[in-house]
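# Working through the structure, step by step
If you want the building blocks of each chain, they are given just below.
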Amino acid sequence: MFSKSFVSILFLLTIVNLSPSFAFPTYGSLAGLTEREWNELIPRLPKSCPPTPPGPLKFNGTKLVHDRAHPFRPPAKNDIRGPCPGLNTLANHGYLPHNGVATPSQIVNAVQEGFNMENRNAIFVTYAAHLVDGNLVTDLLSIGGKTSKTGPDPPPPATVGGLNTHAVFEGRFIIENRKHMTYSSIFNQTLFDQFVDFSNRFGGGFYNYTVAAELRFQRIQESIATNPQFSFISPRFFTAYAESTFPVNFFVDGRSTEKKLNMEDATLFFRDGKFPNDFHRASKPSATEGINLIFEAHPVAPGENKDGKVNNYVPDPTSADFGSFCLLYTNFVNQTVGGLYPNPTGILRKNLIKNLHFFFTGIEGAGCEELFPYGQL
């Protein structure tokens, strides 16, 4: 019922900051540009043909990842860090470029090498984000905010942004604590205190699947009660539960026989972006193991607060859920990507076709039919 290929905490969104003098939102993706603006932009960008994503690790067992070749080095003044503690950690230890800008292939390699993320899951989550807000021409992503390091800025009013802005991919969803404790590279002590409190109350001082279930349900209930625009539909419906598993599956030393994260190590990852000393990655390729336990503890149907009122949560039968995973894929391709890129041409269309296929390879075997909205090469 629960596929390993769920969209995850690794939203690697690269977006554009648009001038308020134009009829665009303050933040949007490159896809928000008109056809004329795209035609002006593309010749100015260094074009890159996206390579085939990396395959599985040759050795996929546990191993020391906080080693001599990957010491901790805090970000320098001009280095970029974002809201994802996993990516921040990988950049601080050199598994990703230290400046915080990487290609999708580099990210897939890094999450496998550093955390032993399962190959198809790594591909699925990386290319989902890249398709929505990545720079599909230069094949570069920022793990944080706006930077010229992703390539020359598009002509005004657009400039390439980064993970710190994510509204396009998450659609109508209003943040209900997307990363448990971090946002825009700022450590949120209040949310971390809640993380610790729930770990003490439900996990004996450790974060485990039981704690994850209680904390996730608490955050959903708080959002229903306080956020009149709260929306909990696909894809956010999937990512909320998937990301709740990640601290257990990726931040626990791979030599441990117990799936629980202590608070000292949690602080290092979330606050400092640092592997604990002598840290070994997971003992086998992992993805969203435990997601069924988290969801089934307090099942919630996809839905949203209606009419701009709190405590007015209504299920949405049109949203994909855990029983209709292929609907998530179909809606993502036809509605999300199709809505952003209605009439792509040239290198943009070519790279869209390639990246959509790479994205699909992340769920091959799940019983979904591959879609080709822009044709085939």
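For the structure given in this document, a descriptive report is provided here. A quick note: this is a predicted structure, and the numbers were derived from the prediction, not measured.

## Remarks on the overall build of the chain
In terms of helices and strands, the chain carries 12 helices and 11 strands. When burial is assessed residue by residue, the chain has 58% of its 377 residues classed as buried. Accessible area for the chain stands at about 15000 Å²; split by element, carbon and sulfur atoms hold 53% of it.

## What about the environment of G290?
Note that G290 resides in the loop between α9 (263-272) and α10 (291-297). For G290, a relative accessible area of 10% puts it in the buried group. Sequence-distant contacts of G290, defined by excluding residues within four places in its chain, comprise Y209 and T245.

## A closer look at the nonpolar core
Counting residues in hydrophobic clusters, the biggest one holds 79 residues, and the most contacted among them are L90, Y207, Y241 and F359. Among residues more than four places away in sequence, those in contact with L90 are Y95, L96, A110, V111, G114, F115 and F275.

## So, the sheet that holds strand β10 (residues 303-305)
Across the sheet, which stays open at both edges, the three strands sit in the order β8-β10-β11 with antiparallel pairing between neighbours. One side of each edge strand has no neighbouring strand; the edge strands of this open sheet are β8 (231-232) and β11 (313-315). In this structure, β10 lies alongside β11, joined through three bridges in antiparallel fashion. Residue pairing in the sheet places G303 in a bridge with P315 of β11.

## Let's talk about the packing of aromatic side chains
A complete count under the given rule lists 34 aromatic pairs for this structure. Relative to F275, the ring of Y95 lies with its centre 6.2 Å away and its plane at 85°, an arrangement referred to as edge-to-face. In this pair, Y95 is assigned in the loop between α2 (85-92) and β3 (101-102) and F275 in the loop between α9 and α10, connecting sequence segments 180 residues apart. Given the relative accessible area of 0%, F275 is considered buried.

## Notes on the environment of I347
Of note, I347 is situated in helix α12 (residues 346-361). Residue class for I347 comes out buried when judged on its relative accessible area of 18%. When the C-alpha atoms of I347 and L136 are compared, they prove to be 8.8 Å apart, with 211 residues separating the residues in sequence.

## Section: α12
For α12, built from 16 residues, the straight-helix expectation of 22 Å at 1.5 Å per residue is met to within 8% by its first-to-last C-alpha distance of 23 Å. Within α12, 12 of the 16 residues are buried, which leaves it mostly tucked inside the rest of the structure. Taken together, the buried positions of α12 are I347, L348, N351, L352, I353, K354, N355, L356, F358, F359, F360 and T361.

## What about helix α7 (residues 209-226)?
With 18 residues, α7 should cover 26 Å at 1.5 Å per step; its first-to-last C-alpha distance of 26 Å lies within 8% of that length. The distance from a side-chain oxygen at the start of α7 to the backbone nitrogen of T210 is 3.1 Å, and the residue carrying that oxygen is N208.

What counts and what doesn't
Residues numbered from 1 in each chain as written. Predicted model: local features only at pLDDT ≥ 70, side-chain atom pairs only at ≥ 80, totals over all residues. Heavy atoms only, no water. Helix = DSSP H or I, 4+ residues; strand = E, 2+ residues; numbered from the N terminus. Buried < 20%, exposed > 50% of the residue type's maximum accessible area, 1.4 Å probe, protein only. Areas by Shrake-Rupley, 256 points an atom, 1.4 Å probe, with all protein chains shown as cover. Contact = heavy atoms within 4.5 Å. Core = buried A, V, L, I, M, F, W, Y, C linked by side-chain atoms within 4.5 Å. Pairing = 2+ DSSP bridges. Phe/Tyr/Trp six-rings, centres within 6.5 Å; stacked < 30°, edge-to-face > 60°. Expected span 1.5 Å × (residues − 1). Polar contact = N/O pair within 3.5 Å; in protein donor to acceptor, adjacent residues only side chain to side chain.

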